[in-house]
Amino acid sequence: MLTEEPPPGVTKRDYMVKLIYDELVSLLGGEQKRTVWPDRDKPYVVLLLGLQGSGKTTTAAKIARFYLKRSYKAGLIAADTFRPGAKEQLKQLGEKLGAPVYTSDGNSVRISVDGVSYLKRQGCNLIIIDTTGRHKEEEELLREMAVMNKEVGPDAVFLVLDGTIGQLAKPQAEAFSKVASIGFIVITKLDGTAKGGGAISATVATGAPIAFVGTGEGIDDLEVFDPPSFISRLLGLGDIKALAERVKDAQISEKRFEQIIGTGKLTLADFEYYIDSMDKMGSLAKFFSLLPGLSNVPPEMMRNAETDMRRWKTILNSMTKLEKVRPELLGASRVKRIAVGAGANTDEVKALLRRYETMKTQMKMMKRNRTLLRKLSSYKA
Ligand SMILES: Nc1nc2c(ncn2[C@@H]2O[C@H](COP(=O)(O)OP(=O)(O)OP(=O)(O)O)[C@@H](O)[C@H]2O)c(=O)[nH]1
Ligand SMILES: [Mg+2]
């Protein structure tokens, strides 16, 4: 793929960036934003997993908020029995949200199972379990989460990853995916300088898509994951859309040039298309480099031609569609009308038509040469 030549008018670097961008975007799910829309008719239980400080508790509240705003009835379960104050933290967030929070003492698995029953009775259709992220040892944490996952049987496991940890995201994601099947990933703390590059390896390691990104400490700072903007930011691309369009335009132009050369026919509409392409490519030199035999035009002539081209555009603008595809219709009276319409004199219109005729002949020659070349090469073979 990376050995492909860029289309004319696009630098190798830009083309490469565009290819990498496309690959990464498609790796992360494509151009479309994809959100999880659980069925409202039955409770959907989300188990949040992640290491300490990754942002689970904050994310629990943010997710609840996201769905509350979309008229789900969300409820939270405080199943972090490890961190002092974890219960309080979630309770306060629940109050802020106006969402019920289930808390209890004892074993985290028991709390979760009871909490799910309790919140179901409360009529919640989205139940989020905030778990612990700390243990003396990571092994212990993973064991607890494995039991939790088995006993609760959530509808989806969300893995919360700190966006600032870089490539550490991969081993973390791998570790958690051994204890539960990860359904979705949330990347937090993307409001700072972190670009969250580790998210890509986490997605690859778990096979799970990124659902949301955290962009601040507030409960509203959650965004639906958008692959294109994430990758643009990651690659440090300003305006990837403009670059993508430029590549696409150039590819279309290239195809059309090929077609025209193939048929050996050239209408004034094609001629106009050439001039427009030239404008998009930014310079006549690039445009001429496309046409075999015209790449050695001296710069001085090129500059004059650029001025001419601009005039020609105006002239072509005052022609009708029919005239552009059937230039043979352009008799004296039409030429006069076109000149008046373009604020030009008839000599300028005639010069354009001469230029067009030359180009048409060149096209025919190119086609003949190509056919000849093809014949010769098949003769050799
Ligand atoms: N800037 C920023 N800070 C965040 C974001 N998400 C979480 N935080 C902060 O990160 C810190 C840890 O967040 P918590 O939600 O408590 O993390 P946790 O995973 O629950 O941590 P434990 O309960 O210790 O396992 C807090 O200070 C949060 O305010 C985010 O998207 N952006
Ligand atoms: Mg927490």
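Here's what I pulled together on the structure shown here. (Residues numbered from 1 in each chain as written. Chains lettered and ligands numbered in written order. Predicted model: local features only at pLDDT ≥ 70, side-chain atom pairs only at ≥ 80, totals over all residues. Heavy atoms only, no water.)

## Remarks on the environment of Ile165
- Turning to its location among the elements, Ile165 is positioned in the loop between strand 5 (156-162) and helix 6 (169-179).
- By relative accessible area, Ile165 is classed as partly exposed at 22%.
- Separated by 33 residues in the primary sequence, Ile165 and Gly198 place their C-alpha atoms 7.3 Å from one another. (Helix = DSSP H or I, 4+ residues; strand = E, 2+ residues; numbered from the N terminus. Buried < 20%, exposed > 50% of the residue type's maximum accessible area, 1.4 Å probe, protein only.)

## Brief notes about the environment of Arg246
- Tracing the chain through its elements places Arg246 in helix 9 (residues 240-263).
- For the pair Arg246 and Asp14, spaced 232 residues apart in the sequence, the C-alpha separation amounts to 9.6 Å.
- Not counting the four nearest positions on each side in its chain, Arg246 is found in contact with Gly9, Val10 and Asp14. (Contact = heavy atoms within 4.5 Å.)

## Remarks on the sheet that holds strand 4 (residues 126-131)
- Across the sheet, 8 strands lie side by side as 3-2-4-1-5-6-7-8; this open sheet has mixed pairing. Every interior strand has two partners, whereas the edge strands, strand 3 (101-102) and strand 8 (222-224), have only one.
- Bridge count for strand 1 (residues 44-49) against strand 4 is 5 bridges, and the pairing is parallel. Note that in strand 4 the partner of Leu48 across the bridge is Asp130.
- Across the sheet, helix 7 (residues 198-206) is in contact with strand 5, strand 6 (184-188) and strand 7 (210-214); its angle to strand 6 comes to roughly 165 degrees. (Pairing = 2+ DSSP bridges. Axes fitted to C-alpha atoms, helices over the stretch in contact; angles between N-to-C directions.)

## Brief notes about empty space enclosed by the protein
- Per the stated rule, a full pass over the model turns up 1 cavity of 30 Å³ or more.
- Of the volumes computed, that of the largest cavity is approximately 40 Å³.
- For the lining of the largest cavity, the per-class residue count stands at 5 nonpolar, 5 polar and 1 charged. (1 Å grid on protein atoms, 1.4 Å probe; cavity = no way out; pocket = protein on both sides within 12 Å on 5 of 7 lines; lining within 4 Å. Points joined across faces, edges and corners; volume = space filled by probe spheres on them. Nonpolar A, V, L, I, M, F, W, Y, C, P; charged D, E, K, R; others polar.)

## Quick notes on unusual backbone geometry
- If you check the backbone angles, Ser71 has positive phi at about 55 degrees while not being a glycine.
- Looking at the element boundaries, Ser71 is found in the loop between helix 2 (56-68) and strand 2 (74-79).
- We classify Ser71 as exposed; its relative accessible area is 58%.

## Observations regarding the site of ligand 1
- The local shell around ligand 1 holds 21 residues, among which Lys56, Thr57, Thr58, Asp191 and Glu217 are the closest.
- The side chain of Arg83 places a nitrogen or oxygen atom 3.1 Å from an oxygen atom of ligand 1.
- One nitrogen or oxygen atom from the main chain of Gly216 is found 3.2 Å from an oxygen atom belonging to ligand 1.
- A total of 650 Å² of accessible area belongs to ligand 1 in isolation, and the protein chains cover 83% of it.
- In this structure, ligand 1 is accommodated by the largest pocket.
- A per-element tally of the shell around ligand 1 places helix 2 first, with 4 residues.
- When grouped by side-chain class, the residues that make up the shell around ligand 1 number 1 nonpolar, 12 polar and 8 charged. (Near = heavy atom within 4 Å. Polar contact = N/O pair within 3.5 Å; in protein donor to acceptor, adjacent residues only side chain to side chain. Areas by Shrake-Rupley, 256 points an atom, 1.4 Å probe, with all protein chains shown as cover. Sits in = over half its atoms within 2 Å of the grid points.)

## Let's talk about helix 7
- Along helix 7, 7 of the 9 residues are buried, which leaves the element largely enclosed by surrounding structure.
- Of the residues making up helix 7, those classed as buried are Gly198, Ala199, Ile200, Ser201, Ala202, Thr203 and Thr206.
- Those residues of helix 7 that are buried are in contact with helix 1 (12-27), strand 5, helix 6, strand 6, strand 7 and helix 8 (227-234).
- With its phi angle positive at about 75 degrees, Gly207 sits one or two positions after the end of helix 7.

## Describing the pairing of strand 5
- Most of strand 5 is tucked away: 7 of the 7 residues are buried.
- Alternating positions in strand 5 separate into two faces, Ala156, Phe158, Val160 and Asp162 on one and Val157, Leu159 and Leu161 on the other, with burial throughout.
- Two elements, strand 1 and strand 5, share 4 bridges in a ladder whose sense is parallel. Residue Leu48 lies in a different strand from strand 5, and its bridge partner there is Phe158.

## Some points on the packing of helix 4 (residues 108-121) against helix 5 (residues 138-152)
- Axis separation between helix 4 and helix 5 bottoms out at 9 Å; the angle between their running directions is 25 degrees. When the axes of helix 4 and helix 5 are compared, the pair comes out roughly parallel. Both helix 4 and helix 5 take part in a crossing whose hand is right-handed. Across from Ser108, Val109, Ser112, Val113 and Val116 in helix 4, the residues of helix 5 making contact are Glu144, Val147, Met148, Glu151 and Val152.
- Residues of the contact of helix 4 with helix 5, tallied by class, amount to 6 nonpolar, 2 polar and 2 charged. (Parallel < 35°, antiparallel > 145°, perpendicular 65-115°, else oblique. Left-handed = near helix turned anticlockwise from the far one by under 90°.)

## Thoughts on a nonpolar patch on the surface
- On the surface, a nonpolar cluster with roughly 210 Å² of combined accessible area is contributed by Met16, Ile20 and Leu235.
- Of note, Met16 is situated in helix 1.
- Met16 gets classed as partly exposed once you look at its relative accessible area, which sits at 35%. (Patch = residues over 30% accessible without salt bridge, like charges linked within 9 Å, V, L, I, M, F, W, Y side chains within 5 Å. Salt bridge = Lys/Arg side-chain N within 4 Å of Asp/Glu carboxyl O.)

## Describing the packing of aromatic side chains
- For the coordinates displayed, the defined rule picks out 11 aromatic pairs.
- Centre to centre, the rings of Trp37 and Phe66 are 6.0 Å apart; their planes meet at 25 degrees, and the pair counts as stacked. Highlighted residues: Trp37 in the loop between helix 1 and strand 1 and Phe66 in helix 2, separated in sequence by 29 residues.
- Overall, Phe66 belongs to the buried group, its relative accessible area being 7%.
- With centroids separated by 5.4 Å and ring planes inclined at 40 degrees, the aromatic side chains of Tyr102 and Tyr118 adopt a geometry described as tilted. With Tyr102 in strand 3 and Tyr118 in helix 4, the pair connects residues that are 16 residues apart, well separated along the chain.
- Ring pairing ties together the aromatic residues Trp37, Phe66, Tyr67, Tyr72 and Phe212, which thus form one cluster.
- When the ring centre of Tyr72 is taken as origin, the NZ or CZ atom of Arg40, which lies over that ring, is 4.1 Å away.
- Sitting over the ring of Phe66, Arg70 keeps its end group 3.7 Å from the ring centre. (Phe/Tyr/Trp six-rings, centres within 6.5 Å; stacked < 30°, edge-to-face > 60°. Lys NZ or Arg CZ within 6 Å of the ring centre and 35° of its normal.)

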